[in-house]
Structures are given as C-alpha cells and as structure tokens.
Amino acid sequence: MARVAVIDSGVHPDHPHIDAALLLPGCSVLADGTVLADAAETLDKLGHGTAVTAAIQELAPDAQIFPISVFRDGLRASARALATGIRQAIEAQCDVINLSLGTANPAHAEVFAALAQEAAAQGALIVAAFEAEGQPCWPGCLPQVVGVGLDWDLPRGKPRLGADGRMVMASGYPRPIPGVEPRRNLYGVSFAVAQVSGWIAARGLTERGEVLRLLEACPA
C-alpha cells in the first residue's frame, strides 16, 4: 500500500470524495518552518487540498494519505514551509510526495535539490509542478523529481510523457462534481500534479526513471 504525502491546505475528511479511513495523522507547517502535529491543524479550510486528495484517491483508492498543511489563509506558502513539508514527508516514510506548487526563486534551488536527493535515496518520489508562468519551478524542475505540466486536451487520469522527455503532462481538471461545469470548479496544474501522483501510487513506482520509461512504452 503506497503512502502519499499531500503538501497542500490539508483535507476535509467528511467530503464525499474522500475516503477518511485512509487518512493518516498529518501535520501543519507554519511559514517559519514550525511544525504543528495537531490533527485539527490539517482540517482543510480552503478546499484545495481536499480536491487534490480526491484526485489522488480516485486513481489510487488504496493509498494512504499523509496530509501536510502549508496553506492557511490562502494558496501561498513560504519556501521554508515547503521545504519543511518535504522533510516531514520524508521522515514519515512516504512513497510519493505530492507538491502542487514550488518556487521560481533560484536562491532556494540548493535546499530543494538536497531534499530531492535525500527523498530519492530513501525511495520516495517527489511529484511537483515543473514550471510557473514559463519559469523553472523548484523542486519540480530537478532531475530526481517528476515534473508535471498541463495539457488540457488529455483525458483525466491519462498522463503522457512530454515531447522533451523531461516533463509529464496531465489534465488540470479535478474530480468532477455532478452538475458543476469543470471551469466553475477548482482547476490548474495542482490537479495535473495530483493525477500524476495518483497514477504513480497506483502502480507502486518509486523512481523517476521508472515513471518516464513506463509512460514512453505505454502512454496511457
């Protein structure tokens, strides 16, 4: 059974798309890197982390979810909070670390590179956005990380290898809500990342090379 860390806004266990029985006690990380090991702190107040978790559970229904909340009042987090979140996921021995976002500031590249190397050495695979507004995004652009990009024409749950062989492309739509138009729901690269994480977790993959080779051999 794969264990997936979801570094986001937490998760709401009562949402109908969430299998609460597979939620592990997670944690919350403040902007200064302080870790709060309190289940109440991982209760999603924004909805984003819940939607991301639902997308992962749809594709990997047996995966355990380790929620790490870094978003509090909005979809913004410090680089220190993101780095600490990855550290918490590594220490929790997660197999897949889902990170919807990252930083385009190269000043943080060295910190994320060290964490990505440590995660890979432990057999944990970070899945993150490859770029932000056309700029490289750390840790998603690192060679140990599965970097994800958007392809709105792809069916949900069917990632493919990008033309450059470096990026994995996926749909940016979350799990649909009956009666709600897709563009009225949350959407974007966060959900492309989540779909790739779910796809990886369902197959028990633990190395970036495995992911790329499988997608190259069997695009769907």
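Predicted model only: the values in this text are computed from it and were never measured.

(A) The arrangement of the packing of helix 1 (residues 48-59) against helix 4 (residues 189-203) in detail. Put simply, helix 1 and helix 4 touch, their axes get as near as 7 Å, and they point 35° apart. For the pair helix 1 and helix 4, the sense of crossing is right-handed. Between helix 1, through His48, Ala51, Val52, Ala55, Ile56 and Leu59, and helix 4, the contact on the second element is made entirely by Ser190, Phe191, Ala194, Gln195, Ser197, Gly198, Trp199 and Ala202. Broken down by class, the residue content of the contact of helix 1 with helix 4 amounts to nine nonpolar, five polar and no charged.

(B) Just the pattern of salt bridges, in detail. Considering all chains together, one arrives at four salt bridges under this definition. Arginine 72 is the partner of glutamate 41 in a salt bridge, and the nearest nitrogen-oxygen pair spans 3.2 Å. In this pair, glutamate 41 sits in the loop between strand 3 (35-36) and helix 1 while arginine 72 sits in the loop between strand 4 (64-69) and helix 2 (79-91), placing the two residues 31 residues apart along the sequence. Owing to a relative accessible area of 24%, glutamate 41 belongs among the partly exposed residues under this scheme. As a salt-bridge pair, glutamate 118 and arginine 87 come within 2.6 Å of each other at their nearest N and O atoms. Of the two residues, glutamate 118 sits in helix 3 (residues 109-122) while arginine 87 sits in helix 2, which places them 31 residues apart along the sequence.

Cut-offs used in this document
Residues numbered from 1 in each chain as written. Predicted model: local features only at pLDDT ≥ 70, side-chain atom pairs only at ≥ 80, totals over all residues. Heavy atoms only, no water. Axes fitted to C-alpha atoms, helices over the stretch in contact; angles between N-to-C directions. Helix = DSSP H or I, 4+ residues; strand = E, 2+ residues; numbered from the N terminus. Left-handed = near helix turned anticlockwise from the far one by under 90°. Contact = heavy atoms within 4.5 Å. Nonpolar A, V, L, I, M, F, W, Y, C, P; charged D, E, K, R; others polar. Salt bridge = Lys/Arg side-chain N within 4 Å of Asp/Glu carboxyl O. Buried < 20%, exposed > 50% of the residue type's maximum accessible area, 1.4 Å probe, protein only.

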